[in-house]
Amino acid sequence: MQTSTVRPMPVTFPESALPDVPVDAELRFDTSLPYAACLAFPLSPCQCTDDGARVCWYFSRELLNEGRHQAVGSGDVKVRPGPDGEVLITLRGPTGNAAVLSAPEDVVTAFLSECFALVPPGSESDHLDLDAAVTRLLAAD
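The rules behind these values
Residues numbered from 1 in each chain as written. Predicted model: local features only at pLDDT ≥ 70, side-chain atom pairs only at ≥ 80, totals over all residues. Heavy atoms only, no water. Helix = DSSP H or I, 4+ residues; strand = E, 2+ residues; numbered from the N terminus. Buried < 20%, exposed > 50% of the residue type's maximum accessible area, 1.4 Å probe, protein only. Contact = heavy atoms within 4.5 Å. Areas by Shrake-Rupley, 256 points an atom, 1.4 Å probe, with all protein chains shown as cover. Pairing = 2+ DSSP bridges. Axes fitted to C-alpha atoms, helices over the stretch in contact; angles between N-to-C directions. Core = buried A, V, L, I, M, F, W, Y, C linked by side-chain atoms within 4.5 Å. Expected span 1.5 Å × (residues − 1). Arc of directions from axis to C-beta.

Looking at this structure, how should I read the overall build of the protein?
The helix and strand tally for the protein stands at three helices and eight strands. Of the regular secondary structure in the protein, the N- to C-terminal order runs β-β-β-β-α-β-β-β-β-α-α. For the protein, the spread of C-alpha atoms along the principal axes amounts to about 50 × 40 × 30 Å. Sorting the 141 residues of the protein into buried and exposed places 33% on the buried side. Within the protein, residue pairs in contact and separated by at least 24 positions form 41% of the contacts whose partners lie at least 6 positions apart. Roughly 8,400 Å² of accessible area belongs to the protein as shown, and the carbon and sulfur atoms make up 54% of that amount.

Explanation requested: the sheet that holds strand β5 (residues 72-74) in the structure shown.
Strand-to-strand pairing in sheets goes through backbone hydrogen bonds, with the strands running parallel or antiparallel. Taken in spatial order, the four strands of this open sheet run β5-β6-β7-β8, and their pairing is antiparallel. Strands at the two margins of the open sheet, each flanked by one partner only, are β5 and β8 (98-104). Across the sheet, the axes of successive neighbouring strands diverge by a mean angle of 20 degrees, strand direction being ignored. Sheet strands touched by helix α2 (residues 105-118): β7 (86-92) and β8. Its angle to β8, the strand with the most contacts, is close to 80 degrees.

Sorry if this is basic, but what is going on with the environment of Phe-59 here?
Mapped onto the fold, Phe-59 is located in strand β4 (residues 54-60). The class of Phe-59 is buried, set by a relative accessible area of 6%. Linking Phe-59 and Leu-101, residues 42 residues apart in sequence, is a C-alpha distance of 15 Å. Other than its neighbours up to four places away in sequence, Phe-59 contacts Tyr-35, Ala-36, Ala-37, Leu-39, Leu-64 and Val-77.

Would you mind going over the sheet that holds strand β3 (residues 36-42) with me for this structure?
On the basis of which strands lie adjacent, the open sheet formed by four strands has the order β1-β2-β3-β4 and antiparallel pairing. Two strands close off the open sheet at either side, each with one partner strand: β1 (4-11) and β4. For this sheet, the mean angle separating the axes of adjacent strands, direction not counted, is 25 degrees. Pairing analysis gives three bridges linking strand β2 (residues 23-30) to β3, with the strands arranged antiparallel. Along β3, the bridge assignment pairs Arg-28 with Cys-38. Of the strands in this sheet, β1, β2 and β3 touch α2, which is tilted by about 170 degrees from β1.

What's the story with the nonpolar core in this structure? I'm lost.
The nonpolar side chains of a soluble globular protein tend to be buried with one another. Core analysis: the largest hydrophobic core is formed by 27 residues, its most contacted members being Leu-39, Leu-64, Val-79, Ile-89, Leu-101 and Phe-111. Filtering out sequence-adjacent residues up to four positions away, Leu-39 remains in contact with Met-9, Ala-25, Glu-26, Leu-27, Val-55, Cys-56, Trp-57, Phe-59, Leu-91 and Leu-101.

Whenever I open this one, α2 confuses me. Can you help?
An α-helix turns once every 3.6 residues. As a result, residues three or four positions apart point the same way. The end-to-end C-alpha distance of α2 is 20 Å, a good match for the 20 Å that 14 residues give at a rise of 1.5 Å each. Of all the residues in α2, the buried ones are Val-107, Val-108, Phe-111, Leu-112, Cys-115, Phe-116 and Leu-118. For α2, the angular spread of the buried residues around the axis is 165 degrees, confining them to a single face. In α2, the exposed positions angled more than 90 degrees off the buried face are occupied by Asp-106 and Ala-117. Elements that come into contact with the buried residues of α2 comprise β1, β2, β3, α1 (61-67), β7 and β8.

Put into structure tokens, the structure is as follows:
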């Protein structure tokens, strides 16, 4: 049984000094985190990282879904429709700096279709392992 999906995609940073330079990114979803989508940026391997290292931003998959149609979000992640079949995602870091990235709307839509096939909307709580979460919390004492 499939429990995750990954969609590679190029993103651009339209408000940057190089707005047309694509950067590799991935949209990731795992049924063990049924409410979340992950936007991951693979890092180039070097002495301080391994081959699978990536920077990941987690946010609500519903935020990503709604943001294709209207501006949504507050705080660290905002999503809104962009021009020419794009979805604009604003990521704000802990220092307050923000980056706006543009993702292809067709890739975002295909990713969300895969997510909703794995965990239909409204059934997210059926995929949570609350016993394991309580065990982890109690072990932290």
